Each structure stands twice: as C-alpha cells, then as structure tokens.
Amino acid sequence: MRREQRWTRLSERRVMGSLQRFSLCFSWKRILCIFFLPVILSGFAPRVKDKEHLIFANAQLQPAQYSMFNWSHLTPLKLTDRSVGLQTESRVGSKPYFTLGGHKFLIFGGSIHYFRVPKEYWRDRLLKLKACGFNTLTTYVPWNLHEPQRGKFDFSGNLDLEAFVLMAAEIGLWVILRPGPYICSEMDLGGLPSWLLQDPKMILRTTYKGFVEAVNKYFDHLISRVVPLQYRKRGPIIAVQVENEYGSFAEDKDYMPYIQKALLERGIVELLMTSDDAKHMLKGYIEGVLATINMNTFQINDFKQLSQVQRNKPIMVMEFWVGWFDTWGGKHMIKNAEDVEDTVSKFITSEISFNVYMFHGGTNFGFMNGATYFGKHRGVVTSYDYDAVLTEAGDYTEKYFKLRKLFGSVVAVHLPPLPKLSPKAEYPAVKPSLYLPLWDVLQYLNKPVISHTPVNMESLPINNGNGQSYGLVLYETFICCGGSLHANVQDTAQVFLNEKNIGLLGDGIKKLNIPKIRECQLLRILVENQGRVNFSWKIQDQRKGLTGSVTIDNIPLNGFIIYSLEMTMSFFERLRSATWKPVRKNYSGPAFYLGTLKAGSSPKDTFLRLLNWNYGFVFINGRNLGRYSIIGPQETLYLPGTWLHPRDNEIILFEKRKSGSYIQTIDEPKL
C-alpha cells in the first residue's frame, strides 16, 4: 500500500474517532462554554476611544451559541425556490448573518482556479472540496486568457467557465464569481490583456477612456455568459465581486462605481462584494456593496476596520491565506497546518463566513505567471501549489484532514466519502538525443518584423494587430564597431555577436561593453518576458522586450529584424519537419532539445526533474508546462497524466544557456 493511501485511511479513522468522542462529550463542556465563554472573553476586550466601533466589533466577534449547521437542503440541486438569493440580515438580539433562500447561511468557501487545473481534473478537485466540508467555490476569471486578441474570445477547453460553474452546481457547491476585470492572482499583468499596453497613454484600472471601452466590450461578452448562471436564474452563482483589492491601488474614485454599474447594467442581480485587506479597505469600499476582508490570520483589529465602512452586516473573509506563492530565487513559502485550523475554528465560532485562498492552487502552465517588484523584478514560479489545502497535483495534505475534521464536527450531516488519490508514476529517464540551436530554428518562425528602430513586444505588428503577449523576442541588427552598448530591457536579455554570447542585460543592467571588431557583425539581443508585475502601480510600466532606442557610444542603432518566439502549438508542429542534429556535448547557447518520454499504456501524473539543466521551458506534445530554473526554489515541474499519450510522448526543452544530460521523472514534487 502506498504511503499516501495509508495516510488517508489512518486520517479517516482519526476523523471518525474524533466525531464519536465529540458526540459523547457534547453535553457539559459545550453548555459551560455557551454560558461562561462570553463573560470570560469580555474581560480581555481591548480599550479603544471609539466606543461605537468597539461595541460593533465585540458584538460581531463573540462566540456564537453552538448549534450544528445543517445545509443539506441548501444545495443548488435541492433548493427549488430561487426568489430570494444571498442576503444580509440583522435582528435585535442577534448578530448580523447571511441568508440564502430565506435560511440562515454561513459561507464555507474555497478557491480553485479552473484555468490552472486541467479540465479533466476539475471534477476530482471539486469533489474533494465538497468532501472536505466546504459549501461554496470561489474562482477568478482571467481576462487575458479569455480575450487574447481584441474581440477574439476563448471559453473553450480549459477555459470553459460555464462548464466549471455548472459542474460545481452538480456536485452541490455554490459559487462566488470574481470576474475582475483585474484579478491579481499572481498572473501576468494581474489578468489584464497585454494588448491594452499598445496605447502609450493607457492608465490601467481607471476610467481612462481606452481602458473602460475595452472593459465594456469584454463585459458585454463575459457577463452574457454569467447571467444565466446566477442563483435567481436557477444557477449556482450567489455573489459577484466588484474588481479586486482596489483599495491598495485607489487612483480613481470614479472607477469602482463604474465597474459596479457595468455589472448591474448587464444583468448581475446577485449580491455584490468588494475585497480588500484591512489597511486599504476604506479606499476600496463602495456604498451599497458588501465589503469583505482579506487576511493572513484572525485579527480583531482588522475587523474593526471593517466596522468603519459598514455596520449591521455579517463579516465575510474573502481571502484567508492558508499559504503563499513563491518567486524565483526566493524560498519556498509554507504555513503551519495547526495555525490554519485554529483560524478557521475562530471564524466558525464567531459565525464569520470565509473563503480559503487557496483550497487548490494548481499550476501556472505556459507563460501565465505574474511577477513582483520590490526594488527587483522577481517572476512567480511555475507551481502555484501555494502550500494550499490540496497540493498542486490534487493530493491531500495535513491541512485538508484538519479542516475536514473541524467541519465534520460542526455540520449535522455526514461528509461525503473521500475521493481516491490520483496515482503517480516514475518513468524511465529521458536523454535528449537531438537538438537545434536557436539560430537554426528562425526559419520555422513566423515572418519577422522589419523595423528602423526596436519595437517592444506588445507593439509588434503581429497577431492581427494585437502584438505579442508572452515568450521571447529576438532583435537583430548589424554593427561595424565595438563600444558601450546601452539598452533598456524588460525583463532579461542575452547579447550575442553572431552566435557568441558576450553578456547579459536586464534588471538594473543597461550597459554592456562590446569588444573591438574588425568587420561588421550581427548583433543579436534575445529578450525574455519573465512575467508582468501583477500588483501595485507598477502594472502601468510592463511593456516587454526592448523599450526605447539601442545605442553604442550614444549612437542609435537602426535597421532591426525582429523575430517573435511565442512558442505556440503551431510553431512546434512546424518544428517537427526540421532536420534535427545529434546533441553535442556541453553545447552553450539557446537551443531546443528533443527526446521521447515513454509513459506506458496507462499514463499517470508525474513530476519532471531537470537536475543538470540551467534555465528554460518544457513542452510535452506541444503543451507548455512552464519555466524551470536552477536558482529554485522549485525543483520539479508537474506533468498531468491526462496530457500524456500512451507509450511515446514528445518532450522538447528550450534551454537558454547550456545543455544538460537527463530529464528525470519522480512520483512526488520538490518545491
């Protein structure tokens, strides 16, 4: 029996044993708590000058009189009367609370992002959410993935939002939708499409004409899909969030009311919410919209901030962060499971609705990752494991079992049985036998752009005028002398004379000395977009590639040939017709390496480990698994078994620096 299976069964026995002990000792301990705990806690209440806020905060945070929650009749398939949706109520002598269909309701929410999980695994993840004891799913909606080009919308396959929401309803989960337009979510540009940056005057997340016109067209399409999924239309969506964490941005007082109106005018009738941390809540709040709070742990002072914007409303924690994301070159972030359990327990006893962020993080497949900037650009790693309740591959964690035990002790019905673990496998190591230097691949790319001066990635006249969103750009021009090369690069660049690497440009490095040359040579600058910043005012300055002129000794260079390396499926189809070369030992420079992963007759999930490789991307059967880097912290890439073919699978590495040896697979992640 596998270790995970033994752990699951052992944990289940412990859960059942705890439930039995709980039912036997409910009486005198619980009764004493009901009568004496409010009195005891009142002696520890902090003293503040604002008595009105203190009264509100204390009233909201007193432990509730204990009762078993029974929502068995409040599920999307069983609740037939849809005349009254999610509402807030406040009565004399009781704390404010939510009602759903007229029944008192506490939101136990968990976040799963459909776009970070293979569609074939959606049901498994949602069933595990339900089996843990949650009653509500929350998800963001990424504009950049759904409208990759102006007016060209994609809600197919892994982006089938409607299928995801309806599947949640079928499983018995309500849905809180967070449609943006900005979502943060550690995604490239916070989920905003990069083609917005073609406008040199663009001011994102404001009522700037060019921005709101684009939002209106996107919402015309998106919200028409969402409206039929609302509660009062017999769908599972009980609430919709207006934008996301605008209080920390707050550059335009008219913007949030504009987005609110845009949702209402297009047919959103369910409860609207905002979402901010305590520090910025006052700036993100909209009159008439329920303010919710984001937090790392149970903090009474944070709830007092909430009391300043609304009284006589139930408390909702829209994001309780049970972990955190990682960035390249940083450390792997983790959070103690007992702390998570303790905080959620306090939410429940205080009758505070909450959403666990993340229940299941998934993966930043392809180029979807965002970045942070605190004096230095740091890309978010490929894994969005987030130290969440479920792992990146959907496996149970200590947090899962602790929360399931907790929820099982407060709900009046038995929780659903645990879904089985998805099996993992180790496959024979792959040693790429063929390779193609980048310079040999240029003929298989789309026609290059010819320009007198450099053009940044977003402004390239490609993709029907929408520019390039992700990947790399190669700039070529001839030079006939050496000197001090100066270029503004976003985010990082390798500089070559012909095929020889002569140095790097990037974050904080704008100059490079070019040695004297006897005759004209080809200057090549390979620039990579490592992820656009997804938070703060810095999102306004996220144009990638070469941004501005390139000079040698202050003399501008002209006459550029510009190749777009978007690494699309169609590109890899063309690459299959190329004449690949036998791999050279210790080849240095950007190149593609080809091998075959043998997955047997029944492929299973696995994790790729690239021990002797440096930096690049992995493509399986043309699918972009994401970025790897020797600097860590992430050491393995998650490979879903559903993306593997029986037996032989094409694996291609685009390695930017130096060839490695083997590509290993293991049956557990190393993050």
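Just so it is clear, the structure is predicted and the values come from calculations on it, not from any experiment.

Caption draft 1: A look at the overall build of the protein chain. When helices and strands are counted, the protein chain shows 14 helices and 34 strands. Referenced to the eigenvectors of the C-alpha coordinate spread, the extents of the protein chain come out at roughly 90 × 60 × 45 Å. Counting every position in the protein chain, which comprises 671 residues, the buried fraction comes to 58%. Sequence separation of 24 or more characterises 79% of the internal contacts of the protein chain that already satisfy a separation of 6 or more. With the model as given, the accessible surface of the protein chain reaches about 28000 Å², and the carbon-plus-sulfur share is 53%. In the protein chain, 80 positive and 61 negative side-chain charges are present, and the distance between their average locations comes to 3 Å.

Caption draft 2: Region of the structure containing the packing of aromatic side chains. Enumeration according to the criterion identifies 48 aromatic pairs in this entry. Aromatic side chains W321 and W324 sit 5.5 Å apart centroid to centroid with 80° between the ring planes, which places their arrangement in the edge-to-face category. Overall, the relative accessible area of 13% leaves W321 in the buried class. Judged by relative accessible area, W324 falls into the partly exposed class, the value being 33%. Taking the ring centre of F249 as reference, the NZ or CZ of R205 above it sits at 4.6 Å. In this structure, K431 packs its charged tip against the face of Y662, placed 5.1 Å from the ring centre.

Caption draft 3: Structural detail: the pairing of strand 14 (residues 434–437). Pairing between strand 14 and strand 27 (residues 581–582): two bridges, direction antiparallel. Across the sheet, the residue bridging to Y435 is K581, located in strand 27. Across four bridges, strand 14 lies against strand 28 (residues 591–598) in antiparallel orientation. Residue pairing in the sheet places P437 in a bridge with A591 of strand 28.

Caption draft 4: View of the pattern of salt bridges. Taken as a whole and assessed by the stated rule, the structure comprises 29 salt bridges. E170 serves as the salt-bridge partner of R123, at 3.1 Å between the closest nitrogen and oxygen. With a gap of 47 residues between them, R123 in helix 4 (residues 122–132) and E170 in helix 6 (residues 161–171) connect regions that are remote in the sequence. For R123, a relative accessible area of 34% gives the class partly exposed. On the basis of relative accessibility, which here comes to 46%, the residue E170 falls in the partly exposed class.

Caption draft 5: The sheet that holds strand 11 (residues 353–360), seen in detail. Judged by pairing direction, the barrel is parallel, and its eight strands sit side by side in the order 4-5-6-7-8-9-10-11 before closing back on the first. Within this sheet the neighbouring strands show an average axis-to-axis angle of 30°, counted without direction. Sheet topology places strand 8 (residues 271–277) next to strand 9 (residues 290–295); five bridges connect them, and they run parallel. Bridge pairing links D277 to N294 in strand 9.

Caption draft 6: Structural detail: the state of the cysteines. Applying the stated criterion across every chain yields a total of one disulfide. Linked covalently through their sulfurs, C480 and C520 form a disulfide whose S-S length is 1.7 Å. Residues C480 and C520 share a disulfide whose torsion about the S-S bond is about 100°; that sign makes it right-handed. Linking C480 in the loop between strand 16 (472–479) and strand 17 (483–486) with C520 in the loop between strand 21 (511–514) and strand 22 (521–528), this pair joins segments that are 40 residues apart in sequence. Using a relative accessible area of 47% as the deciding quantity, one classes C480 as partly exposed.

Caption draft 7: Spotlight on the sheet that holds strand 15 (residues 449–451). A sheet is described by the order of its strands in space; here six strands give the open sequence 15-26-16-22-19-20, paired in antiparallel fashion. With one partner strand each, in any of the chains shown, strand 15 and strand 20 (500–506) form the two edges of the open sheet. Taking each pair of neighbouring strands and ignoring which way they run, the sheet shows an average axis angle of 20°. With six bridges joining them, strand 19 (residues 492–497) and strand 20 adopt antiparallel strand pairing. The residue bridging F496 from the neighbouring strand is N501, located in strand 20.

Parameters and conventions
Counting restarts for each chain, with residues numbered from 1 along the sequence as it is written. For this predicted model, a pLDDT threshold of at least 70 governs which residues receive local features, and a threshold of 80 or more governs which side-chain atom pairs are given and counted, while totals over whole chains, interfaces and linings are taken from all residues. The side-chain figures draw on all heavy atoms in the structure; neither hydrogens nor water molecules are used. The secondary structure listing takes helices from DSSP runs of H or I that are at least 4 residues long and strands from runs of E that are at least 2 residues long, numbered from the N terminus. For the exposure calls, accessible area comes from a 1.4 Å probe over protein chains only, and a residue counts as buried if that area is under 20% of its type's maximum, exposed if over 50%, partly exposed in between. Two residues form a contact once any of their heavy atoms are found within 4.5 Å. What sets the accessible areas is the Shrake-Rupley method with a 1.4 Å probe; for residues, cover comes only from the shown protein chains. Charged residues are defined narrowly, with Lys and Arg counted positive, Asp and Glu counted negative, and His plus the chain ends left uncounted. By convention, the charge on Lys lies at NZ, on Arg at CZ, on Asp at CG and on Glu at CD. Two rings belonging to Phe, Tyr or Trp (six-membered ring only in the last case) form a pair when the distance between their centres is within 6.5 Å. Interplanar angles under 30 degrees mark stacking, angles over 60 mark edge-to-face geometry, and anything in between is tilted. Criterion for a charge above a ring: Lys NZ or Arg CZ within 6 Å of the ring centre, and within 35 degrees of the ring normal. For two strands to be treated as a pair, DSSP must find at least two bridges joining them. Salt bridges are defined as contacts in which a side-chain nitrogen from Lys or Arg sits within 4 Å of a carboxyl oxygen from Asp or Glu. The axes are straight lines fitted to the C-alpha atoms, using for helices just the contacting stretch, and the angles between their N-to-C directions are given from 0 to 180°. Criterion for a disulfide: a pair of cysteine sulfur atoms within 2.5 Å.

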